[in-house]
Protein chains: 2
Amino acid sequence: MTDPSGNLPPVTLDEVARLAGVARSTASRALNGGVASREAIEAVNKAVRQLGFVPNQAARTLARNRTDAVALVIPEDPSRIFFDPVLAMVISRLSVDFWREGLQPLLVLMDPEDLIAKLGSFLNAGNVDGMVVTSFHSNPEVEEVIAASSLPTVFFGRPPRPDSLPYVDIDNVEGGYKATRYLLDKGRRRIACVGGPAGVPSVEDRRQGFMRACADAGVEPGPYLYGSFDPESGINAAAALVADPRVDAVFAQSDAIAVGVLQGLASAGKSVPEDVAVVGFDNTSTATAVLPNLTTVAQPVSEMAGEVASMLLGFLRTRQWGETPRILPTELVVRDSA
Amino acid sequence: MTDPSGNLPPVTLDEVARLAGVARSTASRALNGGVASREAIEAVNKAVRQLGFVPNQAARTLARNRTDAVALVIPEDPSRIFFDPVLAMVISRLSVDFWREGLQPLLVLMDPEDLIAKLGSFLNAGNVDGMVVTSFHSNPEVEEVIAASSLPTVFFGRPPRPDSLPYVDIDNVEGGYKATRYLLDKGRRRIACVGGPAGVPSVEDRRQGFMRACADAGVEPGPYLYGSFDPESGINAAAALVADPRVDAVFAQSDAIAVGVLQGLASAGKSVPEDVAVVGFDNTSTATAVLPNLTTVAQPVSEMAGEVASMLLGFLRTRQWGETPRILPTELVVRDSA
DNA sequence: ATGGGTCGTGGAACCGCTTCCAGACAATAG
DNA sequence: CTATTGTCTGGAAGCGGTTCCACGACCCAT
């Protein structure tokens, strides 16, 4: 079944051809669907099975000038990504989809200094046919290298300079709007918002949605705080917010932040949702791991990743981009915190 | 700086050699530290810079019979891994370490059916020089393929058949013992234990530690329940356990389970830690995302992954294994739940 | 019979790099 | 001054596939 020769000598196409009684070129054609007689194909297939032949990928790459591999570029500080179940989901889905389509995913996740030092060479060494880049945080230097590589690229999340670059994203404005609107509909009148880092596109969009919902309701928006996408930011924010007793709701721009807010409110003696209602964003597993379970805006992360994969695949096959960008809708998941 | 030619023609070593006024072989030697005159090296380096040359990886692989890539094999159902922050950490650390050492990590994470269908070919196609396998769950078919590949392999976690295969793990017996002992020291007298799937090595070891601690204290162990490593198992377990009012502590074999237990106890009206103390395992970020914050057994996951990477690297360089297995200690992190 | 297709095939070139080998040359030893 | 060593070099032969090309066999319509 598998190669019985315990260890060393890998089978080559030459040996297959010899056993099948044909030329190497014929064997190659037989295997790759080129012109070949029925008998040739059968003989070759039999030989392949008998010898446990597997074509050498490097040789193939060299000859075809195509790697059948793609890079998953995660330009984040690796120590940060544990807080981000979204990222885990993205990676997982991309990996599964690419494998299914016969592409090997290379995980480009390294120390930031390594990244700027190595990414350029890596991309230009013909290691991959294309890449997907998660662009939650911007990083000019990395952007630069990516742009210079001229490899087919799809971004997960709107890239900082969306020069009609292909990307998939949710409608963050809508998401922010929905969350805020829900709180307003529940009668909350002074809503604070805790965001991620200033300047990040999704953060600004969610903020815009927040503002717009308040404006539409004729309510003055409560305090808006920038932070980062982790529980600490939430704790800090909560500490600041309780100073204003009129604040009766918080829209946290990620579940991680919301968790921190919850903790901060708890230690300040505020009860959720009675005193303060809290809405998160992302609908990650922590939303249900926390008490009270979090009302949150769900992103269809897996579908998004699926779209990303199919966009890149489509381009690699047809050499042209389909509809881009692709914007997917969000959905408010109501639980106990608001 | 980088290749100015916007797009297509990649620079080859031939062009570098021509520009430097030497033969291709000399250029190769100059770049790879072979014998070469000072002038030759300088001329080549200059040409390289000028042209933005990056050696083609496939050609290198073919010529050297070495890929400088390793596989990260995750034989788990991809939909499951989101519950597992440990896995995210492992992947991240491995990725960072391998990149730092000049090895490209290939993420082998796909649908189970795809895995058994494709893993064999992948491993035998000369895609990688070695691999690391996370072996939380056993899977005979995958085991088989891995064994047949005869690639250098390190396991994260004791593999089902540790035929002196290289692996890194924690002392799970000790971990289980510590958790249980702590509860006993706190005066708890009827301690239940909620484990992962029966038959998994780590689960059985933790169970053994649990049993032994009880025995050492002369206390009869409370109910032992198998489940899986997710919050649902914890909820179910809690539901079952509250039937016995004497149960005053639960040792959950993962934080995810513990979170479920916490919820289950809460909805049964039990307070933690007053009525029932809870100890988790893993010390993942959910341990602090939940209220009360979880007392839990910490595994040095990142260090473990680091060990794994260095073991594989060591073998690839020296062609022999160092000390194996490597067993790292656990540590009890005391918080609020017990 | 003869000319013009297909179809299938083997040989050879090629992808871009590394490495073996033999030769050129200079420096040192005899 | 030759013999011996040593350093550096270019040419050529790989690595293991794919693909171009020319050629022979075959079938059909002329």
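Above this note sits the structure.
Residues numbered from 1 in each chain as written. Chains lettered and ligands numbered in written order. Predicted model: local features only at pLDDT ≥ 70, side-chain atom pairs only at ≥ 80, totals over all residues. Heavy atoms only, no water.

Colleague: Run through the overall build of chain A, naming residues and quoting values.
Modeller: Along the backbone of chain A there are 13 helices and 12 strands. For a compact globule of 338 residues, the expected C-alpha radius of gyration is about 20 Å, and chain A comes in at 26 Å, more than 25% above that figure. Taken along the three principal axes of its C-alpha coordinates, chain A extends 85 × 40 × 35 Å. By the burial criterion, 54% of the 338 residues in chain A qualify as buried. Of the contacts formed within chain A by residues at least 6 apart in sequence, a portion of 71% connects residues at least 24 apart. When the accessible surface of chain A is totalled, it reaches about 14,400 Å², and 51% of it is carbon and sulfur. Averaged over its 30 positive side-chain charges, chain A has a centre that lies 6 Å from the centre of its 40 negative ones. (Helix = DSSP H or I, 4+ residues; strand = E, 2+ residues; numbered from the N terminus. Rg over C-alpha atoms; globule rule 2.2 N^0.38 Å. Buried < 20%, exposed > 50% of the residue type's maximum accessible area, 1.4 Å probe, protein only. Contact = heavy atoms within 4.5 Å. Areas by Shrake-Rupley, 256 points an atom, 1.4 Å probe, with all protein chains shown as cover. Lys, Arg positive; Asp, Glu negative; His and termini not counted. Charge placed at Lys NZ, Arg CZ, Asp CG, Glu CD.)

Colleague: Kindly report on the sheet that holds strand β10 (residues 295–298) of chain A, identifying the contributing residues and their values.
Modeller: Residues and elements named next belong to chain A. Spatial strand order, β7-β6-β8-β9-β10-β12: 6 strands in an open sheet with mixed pairing. Only two strands of the sheet have a single neighbouring strand rather than two, namely β7 (224–225) and β12 (331–333). By the bridge criterion, 4 bridges tie strand β9 (residues 277–282) to β10 in an arrangement that is parallel. Of the residues in β10, the one forming a bridge with Phe281 is Val297. (Pairing = 2+ DSSP bridges.)

Colleague: Could you give an account of the interface of chain A and chain B, naming the residues involved and the relevant values?
Modeller: Counting residues at the interface gives 48 residues for chain A and 49 residues for chain B. Carbon and sulfur atoms supply 62% of the area that chain A and chain B bury against each other, a total of about 4,200 Å² over both sides. Applying the counting criterion to the chain A and chain B interface returns 2 salt bridges. Here B:Asp111 ties to A:Arg100 by a salt bridge, and the two come within 2.9 Å at their closest N and O atoms. Joining chain A to chain B, the criterion identifies 18 residue pairs in polar contact (both at pLDDT 80 or more). Counting only elements with at least two residues in the side of chain A that touches chain B, the list comes to α4 (57–64), α5 (85–100), β2 (104–108), α6 (112–124), α11 (255–267) and α12 (286–289) of chain A. The element that contributes the greatest number of residues to the side of chain A that touches chain B is α5(A), accounting for 8 residues. Looking at the side of chain A that touches chain B, its residues break down into 27 nonpolar, 17 polar and 4 charged. (Buried area = accessible area lost by both parts, 1.4 Å probe. Salt bridge = Lys/Arg side-chain N within 4 Å of Asp/Glu carboxyl O. Polar contact = N/O pair within 3.5 Å; in protein donor to acceptor, adjacent residues only side chain to side chain. Nonpolar A, V, L, I, M, F, W, Y, C, P; charged D, E, K, R; others polar.)

Colleague: Which residues make up helix α10 (residues 231–241) of chain A, and what values go with them?
Modeller: Residues and elements named next belong to chain A. Ser233, Gly234, Ala237, Ala238 and Leu241 are the residues of α10 that are buried. Buried residues in α10, looked at end-on, bunch into an arc of 130 degrees, giving them a common side. Turned more than 90 degrees from where α10 packs its buried face, Glu232, Asn236 and Ala239 sit exposed. Each element contacted by the buried residues of α10 is listed here: β6 (191–194), β7, β8 (249–252) and α11. (Arc of directions from axis to C-beta.)

Colleague: So, the pairing of strand β2 (residues 104–108) of chain B: which residues are in play, and what are the values?
Modeller: Two faces, one strand: in a regular strand the side chains alternate between the faces of the sheet. Residue and element names in this part refer to chain B. Counted residue by residue, β2 has 5 buried out of 5 residues, so it is predominantly covered. Burial along β2 is two-sided: Gln104, Leu106 and Val108 facing one way and Pro105 and Leu107 facing the other are all buried. Pairing of strand β1 (residues 69–73) with β2, which is carried by 5 bridges, proceeds in the parallel orientation. The partner of Leu72 across the bridge, within β2, is Leu107.

Colleague: Kindly report on the sheet that holds strand β10 (residues 295–298) of chain B, identifying the contributing residues and their values.
Modeller: Pairing is mixed across the open sheet formed by 6 strands, whose spatial order is β7-β6-β8-β9-β10-β12 (chain B). Edge strands, defined here as strands with exactly one partner in the open sheet, are β7 (224–225) and β12 (331–333) of chain B.

Colleague: Can you explain the protein's contact with DNA strand D? Please cite residues and give values.
Modeller: Taken together, 26 residues are adjacent to DNA strand D, and A:Leu13, A:Arg24, A:Ser28, B:Thr26 and B:Ser37 come closest. Within the contact set of DNA strand D, a base nitrogen lies 3.0 Å away from a side-chain nitrogen or oxygen of B:Ser25. The backbone of B:Ala63 places a nitrogen or oxygen atom 3.5 Å from a base oxygen of DNA strand D. Among the secondary structure elements, those contributing two or more residues to the surface near DNA strand D are α2 (24–32) and α4 of chain A together with α2 (24–32) and α4 (57–64) of chain B. Among the elements that make up the surface near DNA strand D, the one with the highest residue count is α2(A) (5 residues). Per-class residue counts for the surface near DNA strand D are 13 nonpolar, 8 polar and 5 charged. (Near = heavy atom within 4 Å.)

Colleague: Can you break down the protein's contact with DNA strand C residue by residue, with the values?
Modeller: DNA strand C sits among 25 residues. The nearest are A:Thr26, A:Ser37, B:Leu13, B:Arg24 and B:Ser28. Among the atoms of DNA strand C lying within 4 Å of the protein, the sugar-phosphate backbone contributes 55%. Contact between DNA strand C and B:Leu13: a phosphate oxygen at 2.4 Å from a main-chain N or O atom of the residue. Take B:Ser28: an N or O atom from its side chain is 2.6 Å from a phosphate oxygen of DNA strand C. For the surface near DNA strand C, the secondary structure elements donating two or more residues are α2 and α4 of chain A together with α2 and α4 of chain B. Per-element accounting of the surface near DNA strand C gives the leading share, 5 residues, to α2(B). Partitioning the surface near DNA strand C into residue classes produces 12 nonpolar, 8 polar and 5 charged.

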